[in-house]
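This is what each chain is made of:
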Amino acid sequence: MNKRDISKISELLAEPKNIVIVSHRNPDGDAYGSSLAMYHYLKKQNHTVTVISPNDCPSFLKWMPAQEEIILFEQEIEKATEILQTAELVFTLDFNAFHRTGAKMQMALEKIKPIFIMIDHHQMPDDYATYMYSDVQKCSTCEMVYDFIELLGDVSEIDETIATCIYTGIMTDTGSFRFKSTTSRTHQITAELLEKGADNSKIYNRVMDVNSYNRMQLLGRALANMKVVEESKTAYITLSQQELNRYHFEKGDTEGFVNYALSLKGVVFAVIFIEDRKQGIIKMSLRSKGKFSVNEFARTYFNGGGHTNAAGGRSEKRLRETVERFLTILPKYKTILQESYEA
Ligand SMILES: [Mn+2]
């Protein structure tokens, strides 16, 4: 974010304001981490602050400080819309296009005219924000929130609560500091957060120790279903609605499954296909190592997108047809996948 924008924002924040912080639909650790860090920071500066999330978070984030104060748009549309309408400033964190909040909230956001401030690390931002802090190199929006607070000259305002929120998003979005997006800067910030009281071990246990018996059984099924396409350095997993039902699937249960496929020796591209009968779609999570861009792949063929090494997609075809289509497209990328392996 450039100096001019920062000094303008600094001026705006000099007087108490009505501020709303918005996170994306199906919030993850980085979405809630950045939103709640910003919430606690702005409250300390005497602003009136509300966090609005389109829908609820998974259970492994329920412990986050002030999580219970977040307003869920889809559960309280009238109240949330009213709050949005009176907002002078709206922060949109960890997303960069209104449609990422879902159809209902998108409409509400399109109707209001506050000052929008975007802080986000996803590719191809829409152009709705008055002030835009967008950086696709950043490991997480939480790291950017730290930068933002630092640019405002307020690192000293980061207390244990704020540090805990920021740490959570950095940890979850970097796969516990192992993804390529993790930089020396990330570690420097993390060190600072520990100094300020973030408890790394406690946070890890709260976020990661979430296995139910059913989830473990479902993981077993997913791994048994895994197929490898050796010449394309690719592994994929399928889960049908019937299989999900058998293990009493709950939202969030399949989180991270695709990473098992990516951890296979020799594999640089991994996909999980999950049937969702209710929506009539197949949801896909795509992961890669090296230069092969799953963002481009998902954008081109499966109505999705994301980052170079992590993206989402969807298909309106049946499960088997979706996989067949995927397997027809795959040979086109044989060379680049091979190169991605060697690199
Ligand atoms: Mn993120």
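Just so it is clear, the structure is predicted and the values come from calculations on it, not from any experiment. (Residues numbered from 1 in each chain as written. Predicted model: local features only at pLDDT ≥ 70, side-chain atom pairs only at ≥ 80, totals over all residues. Heavy atoms only, no water.)

## Regarding the overall build of the chain
Inference 1: A tally of helices and strands in the chain yields 14 helices and 12 strands.
Inference 2: The C-alpha radius of gyration of the chain comes to 20 Å, within 12% of the 20 Å expected for a compact globule of 343 residues.
Inference 3: The principal-axis extent of the C-alpha atoms belonging to the chain is close to 60 × 45 × 40 Å.
Inference 4: For the chain, restricting intrachain contacts to residue pairs at least 6 apart in sequence, the fraction spanning at least 24 positions comes to 66%.
Inference 5: Separation between the mean location of the 41 positive side-chain charges and that of the 45 negative ones in the chain comes to 7 Å. (Helix = DSSP H or I, 4+ residues; strand = E, 2+ residues; numbered from the N terminus. Rg over C-alpha atoms; globule rule 2.2 N^0.38 Å. Contact = heavy atoms within 4.5 Å. Lys, Arg positive; Asp, Glu negative; His and termini not counted. Charge placed at Lys NZ, Arg CZ, Asp CG, Glu CD.)

## Things to note about the domain arrangement of the chain
Inference 1: Segmenting the chain into domains produces domain 1 (3-208) and domain 2 (213-340).
Inference 2: In this structure, domain 1 and domain 2 have C-alpha centres spaced 28 Å apart.
Inference 3: Taken together, the contact pairs 8 residues of domain 1 with 7 residues of domain 2.
Inference 4: A combined buried area of about 670 Å² lies between domain 1 and domain 2, and 45% of that area is made up of carbon and sulfur atoms.
Inference 5: On the domain 1 side of the interface with domain 2, the three residues burying the most area are H122, Q123 and M124, jointly 50% of the side's total.
Inference 6: Seen at the junction of domain 1 and domain 2, the total is 0 salt bridges.
Inference 7: Linking domain 1 with domain 2 are 4 residue pairs in polar contact (both at pLDDT 80 or more).
Inference 8: Of the residues assigned to the side of domain 1 that touches domain 2, the class counts are 1 nonpolar, 5 polar and 2 charged. (Domains from an automatic or database assignment. Buried area = accessible area lost by both parts, 1.4 Å probe. Salt bridge = Lys/Arg side-chain N within 4 Å of Asp/Glu carboxyl O. Polar contact = N/O pair within 3.5 Å; in protein donor to acceptor, adjacent residues only side chain to side chain. Nonpolar A, V, L, I, M, F, W, Y, C, P; charged D, E, K, R; others polar.)

## What about the packing of helix 5 (residues 141-151) against helix 6 (residues 160-173)?
Inference 1: In the contact formed by helix 5 and helix 6, the axes pass within 7 Å of each other and the chain directions differ by 140°. As judged from the angle between their axes, helix 5 and helix 6 are oblique. Residues C142, E143, V145, Y146 and I149 of helix 5 touch helix 6, and the partners they reach there are I162, C165, I166, G169 and I170.
Inference 2: When grouped by side-chain class, the residues that make up the contact of helix 5 with helix 6 number 8 nonpolar, 1 polar and 1 charged. (Axes fitted to C-alpha atoms, helices over the stretch in contact; angles between N-to-C directions. Parallel < 35°, antiparallel > 145°, perpendicular 65-115°, else oblique.)

## A closer look at the sheet that holds strand 6 (residues 131-134)
The pairing of strands in a sheet happens through backbone hydrogen bonds and is either parallel or antiparallel.
Inference 1: The strand order across the open sheet built from 6 strands is 3-2-1-4-5-6, with neighbouring strands paired in parallel fashion. In this open sheet, the two edge strands, each paired with only one partner strand, are strand 3 (71-72) and strand 6.
Inference 2: Summarising the sheet, strand 4 (residues 89-93) and strand 5 (residues 115-120) pair through 5 bridges and their orientation is parallel. Bridging from a neighbouring strand, T92 pairs with M118 of strand 5.
Inference 3: Its contacts with the sheet place helix 1 (residues 3-12) against strand 4, strand 5 and strand 6, and it is angled at close to 125° to strand 6. (Pairing = 2+ DSSP bridges.)

## Considering the environment of Y167
Inference 1: Within the element layout of this structure, Y167 appears in helix 6.
Inference 2: Excluding its chain neighbours within four sequence positions, the residues that come into contact with Y167 are F177, T190, L193, L194, A198, N200 and I203.

## Some thoughts on the state of the cysteines
Joining two cysteines, a disulfide is a covalent bond between their sulfur atoms.
Inference 1: Scanning the model with the defined rule gives 0 disulfides in all.
Inference 2: Free of any disulfide, C57 has its nearest neighbouring cysteine sulfur in C165, separated by 12 Å.
Inference 3: Between C165, a cysteine without a disulfide, and C142, which holds the nearest cysteine sulfur, the sulfur-to-sulfur distance is 7.7 Å.
Inference 4: Its relative accessible area of 0% is what places C165 among the buried residues. (Disulfide = S-S within 2.5 Å. Buried < 20%, exposed > 50% of the residue type's maximum accessible area, 1.4 Å probe, protein only.)

## With respect to the packing of aromatic side chains
Inference 1: Under the criterion given, the structure shown has 18 aromatic pairs.
Inference 2: Linked through ring pairs, Y236, F269, F273, F292, F297, Y301, F302, F326 and Y333 together constitute an aromatic cluster.
Inference 3: Sitting above the plane of the F302 ring, R325 keeps its charged end 4.9 Å from the centroid. (Phe/Tyr/Trp six-rings, centres within 6.5 Å; stacked < 30°, edge-to-face > 60°. Lys NZ or Arg CZ within 6 Å of the ring centre and 35° of its normal.)

## Some thoughts on unusual backbone geometry
Most peptide bonds adopt trans geometry, and most residues besides glycine take a negative phi value.
Inference 1: Located in the positive-phi region is N26, a residue other than glycine, with phi close to 50°.
Inference 2: Here N26 is to be found in the loop between strand 1 (18-22) and helix 2 (29-44).
Inference 3: When its relative accessible area of 41% is taken as the criterion, N26 is described as partly exposed.
Inference 4: Backbone geometry places N46, a non-glycine residue, at a positive phi of 70°.
Inference 5: Among the secondary structure elements, N46 is positioned in the loop between helix 2 and strand 2 (48-53).

## Overview of the pairing of strand 8 (residues 234-239)
Inference 1: Burial analysis of strand 8 places 6 of its 6 residues in the buried class, the great majority of the element.
Inference 2: Across the two faces of strand 8 the burial is the same, with T234, Y236 and T238 and A235, I237 and L239 all buried.
Inference 3: Here strand 7 (residues 227-229) runs beside strand 8; their pairing, made up of 3 bridges, is antiparallel. Paired with V228 across the two strands is A235, which belongs to strand 8.
Inference 4: Two successive antiparallel strands, strand 7 and strand 8, enclose a turn made up of 4 residues, where K233 displays a positive phi of approximately 55°.

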